[in-house]
Amino acid sequence: MKDPIVIIGAGPAGLMAAEILSAAGKQVEIYDRMPSVARKLLMAGRGGLNLTHSEPFERFVTRYGKRAPLLKPALDAFTPKDLRTWADGLGSETFVGTSGRVFPKAMKASPLLRAWLKRLEAQGVVLHTRHEWRGWQDGALLFNDDVRVTPAATILALGGASWPRLGGDGGWTGLLANRGVEIAPFQPANVGFQTAWSAHFANKFAGEPLKNIAVKFAGREVKGELMLTRTGLEGGAIYALSAALRDAIAEDGHADLVIDLRPDLSADQAINKLKRASPKDSLSNRLRKALNLSPAAIALVHEKPGADFKTVTVRLTGVQGLERAISSAGGIRFEALTPDFELKALPGVYAVGEMLDWEAPTGGYLLQACFSTAVAAARAISGK
């Protein structure tokens, strides 16, 4: 029997690499330390499983920031359109939501995952759960219980460091760093931020949303929603700015986020509407009647007064930790990789997905890059 191609990590990237390789006739074995597979994918499925995004491809690629040029060849090789076709082929027909995000019509991950695992089994993929990778010994991959495997090639798909209880804790970094692989420290991405609310505001409005708002920082504006927490802010709008906010806090100790509670109105329009409101009403009632602000938005105006009564500046002073982050930045530096995602210091070993030092906002960009890098690496191996 030939040595198998070993994939370590049974998340979306690892399973996709296994599919490509097994479809090409390769013997594939997957090892994962958890008792079940794709736990983070199933968690994402609770929110509808945002697979990818439908925006024009050239704009899509820019969502990866400074890593866009390095990820583009992989994204070209397995595009958002390809991902939708793949999901449709598993019986999980997709649709485009009003925001342009792409979801399976079932709005959950479990049907897709069941069909996917059935396909992998039919293609001969062997899955080993409860096998924790512990590095190499005498040229073989070493797992717990003294299991040793000599692979024809290895794909590492161990994930980043966010949501560690789901399996990805970044514990692999030492194993690779000791072998000369350059690693950038992990940082939280797509994460909430901390600020100093008054006790009254925190007690009364934690858990309340701010809908149809816009947030502004460092010349960028993002429309969407925020969630008030006891210690700060969370939500899609702030996640899109999380890299810039995180870096500013690291450098300056704070970041001043501007929240526009009525982005459809100019400051003058908002003031004129308030002037037409009854002077007998309290400010809260005028804000409610004239600007149609929610109780939480009105409370925020009182908490952080703004000159035009619709724009509030919130000073952020801290970042939530990796245990609360949707994704992570950091990981294997691209300088340590060949264009095919092979580790320069470890020929025959490839790394894909969130292990790599890139980040992107929520909206389907995270899963897409995990799938695309896996496809690129698997095709490179199958072509050798």
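Please refer to the structure higher up on the page.
Everything numeric in this text was worked out from a predicted model, so none of it was measured. (Residues numbered from 1 in each chain as written. Predicted model: local features only at pLDDT ≥ 70, side-chain atom pairs only at ≥ 80, totals over all residues. Heavy atoms only, no water.)

> Requested: an account of the overall build of the protein, with residues and values cited.
Counting its regular elements, the protein contains 14 helices and 20 strands. For a compact globule of 384 residues, the expected C-alpha radius of gyration is about 21 Å, and the protein comes in at 23 Å, within 12% of that figure. The principal-axis extent of the C-alpha atoms belonging to the protein is close to 85 × 40 × 35 Å. The burial tally for the protein puts 52% of its 384 residues in the buried class. Relative to all contacts within the protein whose residues are 6 or more apart in sequence, the contacts with residues 24 or more apart total 69%. Of the accessible surface of the protein, which amounts to about 17,200 Å², a share of 50% is contributed by carbon and sulfur atoms. (Helix = DSSP H or I, 4+ residues; strand = E, 2+ residues; numbered from the N terminus. Rg over C-alpha atoms; globule rule 2.2 N^0.38 Å. Buried < 20%, exposed > 50% of the residue type's maximum accessible area, 1.4 Å probe, protein only. Contact = heavy atoms within 4.5 Å. Areas by Shrake-Rupley, 256 points an atom, 1.4 Å probe, with all protein chains shown as cover.)

> Describe the packing of helix α1 (residues 12–23) against helix α6 (residues 110–122), naming the residues involved and giving the relevant values.
At a minimum axis separation of 10 Å, α1 and α6 run at an interaxial angle of 35°. For the element pair α1 and α6, the recorded crossing hand is left-handed. The residues of α6 that touch α1, namely those facing P12, L15, M16, A18, E19 and S22, are L113, W116, L117, R119 and L120. Its residues assigned to classes, the contact of α1 with α6 comprises eight nonpolar, one polar and two charged. (Axes fitted to C-alpha atoms, helices over the stretch in contact; angles between N-to-C directions. Left-handed = near helix turned anticlockwise from the far one by under 90°. Nonpolar A, V, L, I, M, F, W, Y, C, P; charged D, E, K, R; others polar.)

> Quick one: what's the story with the nonpolar core, residue by residue and with numbers?
Residues Y64, W86, W116, L176, I332, L343 and W358 are the most contacted members of the largest nonpolar core, which totals 80 residues. By residue number, the principal contributor to this core is helix α14 (residues 365–382), which donates 13 residues. Excluding residues within four positions of it along the chain, L176 makes contact with W133, W136, L156, V181, I183, I332, L343, L346 and M355. Grouped together as the second largest cluster of nonpolar side chains are 43 residues, F201, I238, L241 and V312 included. (Core = buried A, V, L, I, M, F, W, Y, C linked by side-chain atoms within 4.5 Å.)

> Help me get a handle on the packing of aromatic side chains, residues and values and all.
Here the structure, examined in full by the defined rule, presents 14 aromatic pairs. Measuring from centroid to centroid gives 4.6 Å for W197 and F201, while their planes differ by 45°, and the two rings are tilted. For the pair shown, W197 and F201 are each scored as buried. Here F201 and F205 contribute two aromatic rings whose centre-to-centre distance is 5.4 Å and whose plane-to-plane angle is 35°, an arrangement assigned as tilted. Pair noted here: F201 and F205 are both in helix α8 (residues 199–205), with a separation of four residues, about one helical turn. Residues F201 and F205 agree in their burial class; the two are buried. Site record: aromatic cluster; members linked through ring pairs are F57, F60, Y64, W358 and Y365. (Phe/Tyr/Trp six-rings, centres within 6.5 Å; stacked < 30°, edge-to-face > 60°.)

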